[in-house]
Structures are given as structure tokens and as C-alpha cells.
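Architecture at a glance
Listed below, chain by chain, are the residues.
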Amino acid sequence: MIFNYFTIGLRNLSKRKGYTALNILGLAIGITCCLLIFQYVSYERSYDTFQKNSSQIVRLRLDQYKQGKMMWQSATSYPGIAPTMKKMYPEVENYCRIIDDELLLSNDARNVKFSETKGYYADPSSIDMLGVDMISGSNTTSLIGPNKIIISQSMAKKYFGTDDVVGKTLLARSSRLNESLQIGGVFKDYPKNSHLIIDYLVSYNTLEAELAINGDKSDRANKSFGWYDFYTYIQLKPGTDPQKFQAELSGIADKYINSKPYAKANNIKDYLYAIPLRDIYLYSNYNQEAETNGSGSAVGFMFLIGFIIMGIAWINYINLSTARSVERAKEVGVRKVLGAAKSNLIRLFMLENVILNFMAIVIAAIAVFALTPWFNNLMGRETALGFSLSGKYWLIFSGIFIAGTLLSGLYPAFVLSGYQPVAVLKGAFKNTSGGLFLRKSLIIVQFSISVILIAGTIIVYQQVSFMRNQKLGVNINQTLVLNGAQSVTDSLYKNEFQAFKSEVLKNPGIKGMAASSSVMGKEIYWTNSFESLDHKELGGGTLYVMAIDYDFIPQFQLKLLAGRNFSKNFVSDNKGAIINDRALTQLGFKNPQDAIGKKVISGDTLTVVGVVQSFHHMGLQKPIDPQIIRLQSDVRGAYSIKLQTADLQNTIAGVRTTWNRYFPNDPFNYFFLDDQFNGQYKSDQQFGKMFTLFAFLAILIACFGLLGLSAYNILQRTKEVGIRKVLGASTQSVVYILSKDFMVLVVISFVLSAPVSWLVMHNWLQGFAYRINISLWVFGAAGIIAVAIALCTISYQAVKAALTNPVKSLRSE
């Protein structure tokens, strides 16, 4: 019997090739999109799940308030917190602290040297807690003792040509360090699906030793509650109550931080929060994040779109199947007269549905495996060499597919099997009002989703364009940035740098050069609390500090609102400061001119010599911070070189030659500042591309359904069209009559979807510090596009019917 049903099902599907092709194509596209989206979502949500106890590990977040107003939220915290909690609270099983440092590493025996930026000073417990997979060396002892380092397998091969390097040494130089480090172990390259990138870890004892050498007698690396540059991870014992632990964090903050006289005098309060390790990548976007994190809202959006696309494809199937009910009514009537039971007919129609979905999923499987490399490249993701989906998402997809196949098949099966044979064979059968209402409702749902996706696509494009094209208040164009030289000792550096700069400026392809501690697009980690001597009642507030030389402000064309730039004519400028206008209110100044000549204190007493207009140091996702700029003639963080546009290749080659002459022990690393800055928008651009792609495909699937539905609707009205033509109706009036019902449904879709799309996109835009205002024309444009798409889809069938000779339409009457 099953084989018989299978044969009949294939025969019925082959009889209406157009109907079958539309359904299979729509379902195949829907399944393909769903699987690709699920792969993306699965990978994004897999971050930091590889650590052995990841579900029990949290990272501390530090929030600071002044006079009840939030000043900042930081992914880093104080190094004294974790050891204090370990002593006080039994639910703390373990902890680790890491703090980043850029090292110039070299293996002189092979004349290999590189600047390494993806590593940390780390507690020994970091190896196990952070999931570092050692292939040589001990998990417990490799990071015990000063001047120890563990490196990745790739890094070992880069410096030594082999990964058998335990016991060998690397010379390390940085602002903190100038030592030979012994390699205590080698680990497998750290997984890419982590909020951290780890190429090396230096023992925490090394940091302690270097601080002691530089005169630190207070053991700041272990006891400080004022230096908040440390990522602090705490492993909780199984069964720990999160609310109780959060209360303990509040107790630690009040006892060791908020009770300090300075905090009380300035009405400053710190709050600590525990962020689950698995949530960091998608839901933590605060100051001083280790890397650029993802967006939980974007991933959630795409996950929802995966469901929506599958839903649209199955809506098409339901609509087309029920629309064909008139055509198949006589078949049902004959089968019932010949003795077929309703259950037999339901099984037949369900088998047709299963065959159709099976064909679609086979095509989709081929498409997914073929498109995965392209899709991963589009998203800039290294999710896998081929298609890969975690077991959890296979279960979700399987559940959706089975449920969708059954639900989309059951309704048409029950409708078709429920016809009364007498009425059908007498020709008295017609579509029920209930069936028509359902089909109209489903069309409204489809095109409501389409309008939301069209409006969303426009708004995402507008926001990304706004960020890329907004004036930054600083000129970053045609700027080549070199990583500063680290190998030259402090006593020799200033003369070496000035000689290097003079030589570089002789190059005709170079317009200027400036040095600074940071450049635009790289987050400033140097912060201090400053207060104004004239407004001590306001207390101190955090300012972001950047050190520059004399040429930085004119080269980047920062606008002075009051005062002047640093000048060699003023020896006192070594104790001078320039602030941005965001810092004015915090320091108590009424206007830029009011700040000139005033004293600000943070350890040193500085005199404000200028006020610059605020500029975007970071991308427009983040607000502009209150900033103070200090003169430091020997600053060496970065060298910014303004280039002429002509002959860049030879100009850069000339700079490289000069660099190698003055700084032979430092690698020549450079980047273009505008590329680096715009790289902050990469994830938003990729989200925009993906959103646009899947919105287009969802609309395309909806059009398949509308095309098939309009074709069957027009087929049922063939004789009506013939009579109207005989009675003198024009082609235009016939097209209008055949199209208007569908267009009314599209207009209703627009009315229903416009407020929903505004609400959804308004909430998405809240994630940006600087954002567009949503214009009403966006929804008008989305509605017009939806109407135009629907009209183009319907018009071919309508015009074809209107141009048909009425004699052919009425021949059977």
C-alpha cells in the first residue's frame, strides 16, 4: 500500500511540474538559509565552552559611579580582589588574573624577532582555568617562578623551527620588561572561539619581580585595589548560588574600595559584577575588552530570521496546496466513491508532502556544503573547513523540520480529504470562506515579514554608512602608523628618535610625523583620576590620558577651542595639559576659555594650556570619553606619518630602510590608520551583509508563493476573464481586477508591519552611542518596494490572462 501511495504521490507531483518546482525551490532555499544561519549562530554561541569548567567560571566587571552617575564600566578590575575572595569565601574554588603586555621577542641564534601583542602575564592557574592545552611542560609548574613563559605551537615553530623548545630562552623587551624568558612549556594553538587570543603567557611572578625592581614595595600586583587593568576570573564551586555570590562581591567592594577616604570624599562608588565566562563574547562590550566581542542581539536576530525563512517556505506550501483544492476536488470525490476512507486520503496527501520535503532537503544539503566556504568568507569567520553544526543545533533543526513538515502537510491533507463526493461530482463544490481567509492571512503574514526585513535592511545600511562617513573631528587619512621602537634604552631613545624623525622627513613623499602613546582606533588604557584645584568640591574624576609630542595636534588637525598647542618655546609645557571639551564639565569649568591656566591634579600638578574639540578616538559605537593630553617628548607608543598620495610603495620602502638603520633590533610593523579605524565597523558591516542577503532570500521565497497562488487564482477565474473580455473589458481593467485583491493584502501587511519594524530597529540602534534617527520615509520606501515586488510577481500572470483570446476561455461552455 505504501509503495502504491508513493507511486501515486510522485505521479501527482509530476503532473503539475510548475507547482512542484515552486514548492521544492522555496523549501530548498528556506532549508539552506536556515542551516547556514544555524551554523553561524552555533559557532557564535560556542565561544568559551571548551574550558573544562566553563559553566562555573565568571569574569569580574568593574563599574564606577560618581555622585550617583555612571562614569565607566570596565572588563578589568583590581588584582587584590581575587586572592581576598579566595581567603574569605569557601565557594571560591580557584582564580586567575591576567594582564596584557606587548613584547618584542627575539631568538638571536636564528636572527628572528617579532612584536607580539597577544599575550599576558598570568597566574599559574590560568593554564587549567582558561583551557590552555599543554603539549609539553607541566600544567602546574610551567608558570611558577620569575622569567618563565609558555608559548603556542605556532609561535614555537616561528622562533625555533620546532615545537621541542622547553628549556630554551627568548629575549623579551617591553615598557615593563627587559629579560631573557625561559620557555616552560608549549601549548596547542589556542581555540579561535574564545574571547581571548593567547599566543603566550608569561608567569605572574615575572610581573611581581619587575615591579619590585622598579621600586614597588607594596606588592601592587597582589594587593592593589586601585590599579584596575587586570582581567580577573573566578571559578566557583558547583552549586554556588549566583545571587549570594553577587552579594559577596558587593561586600568586597564596600569593604576594600568604597570605604577609602578618597572614595568617600569624592562620593565615588565601585560595583563588582560576575559575568559568566560563556556570556563574555556575546554580551560583554565594556571598556578594556581583551578583543572585539560579538553581538548577542545580532546573533539573536539571525537565529530568528532562520525560523522566519523556514516558516515562509511552509506557508507557501500550505497556500499552494489549499489553493489547488478545487483542482483536486474531483480526484477526491472519485476516490471516495470508489471506497477510499478519509484516513487513506490523509496518508496519501501526507506522503506527497514528505516526498516534496525530502526532495527539498536533499537539494538544500548539496547547496549548504557547496556554499559554506563562500558564506564563511562573507562573514569573515573560520567556522570550519566545511559545514559544521553542533549537536544542539542539529536537534533544533531536526525538530523544526519534522514539526514543519507535519504541520504544513496536515492542514492541506485534512482539507482535501474532507470534501463530500456528491457535492464535488455534481460540480457544486467551491472554495470555503474559511480557506480563503486562511490563505489571505498567511499572505499578510509573509508580506508583513517582508516589509520588516526591507525596512531593517535600509536602516542597517544607513547606520553603517553613518558611522563610516561621520566627521570624526580628526584627520586620519593618508596616515601610516609604525609601532614604536622598544629595543632602545631610555637614555638613548630621545636622540635616536629625533635623528630618525629628521631623516624620515627628508623623504619627499612624507608631509609630517608625530609620536604618541596611542592612536585613533586603539583603546586608551591609561587612565587617572584628576581634579581641578579651583573646584575641589567636585572631587576627582577619571580622564583618559594620551601622551603626544609637539606635532601631533597640528598633524591630525585637532581643533583648538581655546588656548594653544604645546610649544618648544614654553619649558613649562612639560607640566602642561590639553583637555577635550568633554572633560570641561567633569573638572568644573564653565567654558573652554575658563579652563586656560587652571591647575589640575593627579599626582602631578598640571596647567591647562589648551582645550580641543572632542574627537572620536574610537568608533561611533562608543561615546567620546573625557580626555587629557600630556606632552611627552620621548613617547614611543606609535609613530604617525602623513603621506603624499603618490608613489606609496617607494615611500614606505624608504621609511623601512631608515627604520632598519636606526632601530635594527625592532621589527618594522606598520598599518594605515583609516583601515585600522574602519576595522571597528567590520562586524557591523558583516551583519549588514548577512541581514541583507537573508532578507532578500526570504522575500524571494514569499514571491514564489505569491506567484503560484496568483497563477491558481487566475486559473479559477479564466471563464470570468473571458466573459469580461467579450463584454468589452479592456486589458488594463482585467489586470486591475485580477491584481487588486492581492495588492490590498500587501497594503494591509504594510500597515501592520510598519510599527513593528520601527520598534525592532529602534531597539537595535540603542546599542550604538551615535546613531541615526529613523525616518518615516524608510517605512514608505519599504512599503513601496513590497508593493512593487508583489505587483511584478502578479502582473505577468494577470497580463497573460488578460491577453488570452476569450474564445479559448469559453470554448468548454
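Report on the accompanying structure. All figures in this text were calculated on a predicted structure; none of them were measured in a lab. (Residues numbered from 1 in each chain as written. Predicted model: local features only at pLDDT ≥ 70, side-chain atom pairs only at ≥ 80, totals over all residues. Heavy atoms only, no water.)

**Things to note about the overall build of the protein chain**
Looking only at helices and strands, the protein chain features 27 helices and 24 strands. Burial analysis of the protein chain (813 residues in total) assigns 52% to the buried set. With the model as given, the accessible surface of the protein chain reaches about 35,800 Å², and the carbon-plus-sulfur share is 57%. (Helix = DSSP H or I, 4+ residues; strand = E, 2+ residues; numbered from the N terminus. Buried < 20%, exposed > 50% of the residue type's maximum accessible area, 1.4 Å probe, protein only. Areas by Shrake-Rupley, 256 points an atom, 1.4 Å probe, with all protein chains shown as cover.)

**Some remarks on the packing of helix 24 (residues 718-726) against helix 25 (residues 731-765)**
Between helix 24 and helix 25, the least distance of the axes is 10 Å, while the angle of their chain directions is 150°. With respect to helix 25, the axis of helix 24 lies roughly antiparallel. Seen from above, helix 24 lies across helix 25 with right-handed handedness. Only Thr-731, Val-734, Ile-737 and Leu-738 of helix 25 make contact with helix 24, whose side of the interface consists of Glu-720, Val-721, Arg-724 and Lys-725. (Axes fitted to C-alpha atoms, helices over the stretch in contact; angles between N-to-C directions. Parallel < 35°, antiparallel > 145°, perpendicular 65-115°, else oblique. Left-handed = near helix turned anticlockwise from the far one by under 90°. Contact = heavy atoms within 4.5 Å.)

**Comments concerning unusual backbone geometry**
Even without a glycine there, the phi angle at Gln-67 is positive, about 55°. Examined against the element boundaries, Gln-67 turns out to sit in the loop between strand 1 (57-66) and strand 2 (69-74). For Gln-67, a relative accessible area of 48% gives the class partly exposed. The backbone phi angle of Gln-557 is positive, close to 55°, even though this residue is not glycine.

**Observations regarding the pairing of strand 6 (residues 119-122)**
Regular strands place side chains that alternate from one sheet face to the opposite one. Burial along strand 6 is two-sided: Gly-119 and Tyr-121 and Tyr-120 and Ala-122, pointing in opposite directions, are all buried. Sheet topology places strand 3 (residues 92-100) next to strand 6; three bridges connect them, and they run antiparallel. Residue pairing for strand 6: Asp-100 is matched across the bridge by Tyr-120. As judged from the four bridges shared by strand 6 and strand 11 (residues 200-203), these two strands associate in the parallel manner. Note that in strand 11 the partner of Tyr-121 across the bridge is Val-202. (Pairing = 2+ DSSP bridges.)

**Some remarks on the side chain of Ser-152**
As for its placement among the helices and strands, Ser-152 is situated in strand 8 (residues 148-152). Within polar-contact distance, the side chain of Ser-152 engages the backbone nitrogen of Met-155 at 3.1 Å. Apart from residues lying up to four places away in sequence, Ser-152 is in contact with Val-186, Phe-187, Asp-189 and Asp-199. (Polar contact = N/O pair within 3.5 Å; in protein donor to acceptor, adjacent residues only side chain to side chain.)

**Observations regarding the nonpolar core**
Nonpolar side chains in soluble globular proteins generally cluster together in the buried interior. Within the largest apolar cluster, 139 residues are counted, with the highest numbers of intra-cluster contacts made by Met-85, Ile-234, Met-520, Phe-552 and Phe-694. Filtering out sequence-adjacent residues up to four positions away, Phe-552 remains in contact with Ala-514, Ala-515, Ser-516, Ser-518, Met-520, Met-546 and Leu-558. Within the second largest apolar cluster, 26 residues are counted, among which are Leu-105, Tyr-159, Ala-172 and Leu-177. (Core = buried A, V, L, I, M, F, W, Y, C linked by side-chain atoms within 4.5 Å.)

**Some details on the packing of aromatic side chains**
Per the stated rule, a full pass over the model turns up 39 aromatic pairs. Here the aromatic rings of Phe-497 and Tyr-639 are separated by 4.8 Å at their centres, their planes lie at 35°, and the arrangement is tilted. Linking Phe-497 in helix 17 (residues 490-505) with Tyr-639 in strand 23 (residues 638-643), this pair joins segments that are 142 residues apart in sequence. The two residues Phe-497 and Tyr-639 agree in class, both being buried. (Phe/Tyr/Trp six-rings, centres within 6.5 Å; stacked < 30°, edge-to-face > 60°.)

**Focus on the environment of Ser-126**
Position of Ser-126 relative to the elements: it lies in helix 4 (residues 126-129). Each C-alpha atom, one on Ser-126 and one on Tyr-95, is 7.9 Å from the other, the two residues being 31 residues apart in sequence.

**What about helix 2 (residues 17-44)?**
Helix length check: helix 2 (28 residues) gives 40 Å between terminal C-alpha atoms against 40 Å at 1.5 Å per residue, within 8%. Counting buried positions along helix 2 yields 24 of 28 residues, so the element is predominantly enclosed. (Expected span 1.5 Å × (residues − 1).)

**Quick look at the side chain of Asp-549**
Relative to the helices and strands, Asp-549 is located in the loop between strand 17 (541-548) and helix 18 (552-555). Asp-549 gets classed as buried once you look at its relative accessible area, which sits at 6%. Reaching out from Asp-549, the side chain makes a polar contact with the side chain of Lys-501 at a distance of 3.5 Å. Excluding residues that lie within four positions of it along the chain, Asp-549 makes contacts with Lys-501, Ala-514, Ala-515, Leu-631, Gln-632 and Val-635.

**Digging into a nonpolar patch on the surface**
Together, Ile-402, Leu-406, Leu-407 and Leu-410 give the surface a local cluster of nonpolar side chains, amounting to about 370 Å² of exposed area. Residue placement: Leu-407 occurs in helix 14 (residues 391-417). On the basis of relative accessible area, Leu-407 is assigned to the exposed category, the value being 60%. (Patch = residues over 30% accessible without salt bridge, like charges linked within 9 Å, V, L, I, M, F, W, Y side chains within 5 Å. Salt bridge = Lys/Arg side-chain N within 4 Å of Asp/Glu carboxyl O.)

**Structural notes on helix 3 (residues 81-88)**
Residues of helix 3 that are buried include every one of Ile-81, Ala-82, Pro-83, Thr-84 and Met-85, and no others. On the buried face of helix 3, the contacting elements are strand 1, strand 3, helix 7 (220-223), strand 12 (231-236), helix 8 (242-256) and strand 13 (268-276).

**Focus: the environment of Ile-308**
Residue placement: Ile-308 occurs in helix 11 (residues 296-323). Look at Ile-308 and you get partly exposed, because its relative accessible area is 22%. Distance in space between the C-alpha atoms of Ile-308 and Gln-446 is 9.2 Å, their sequence separation being 138 residues.

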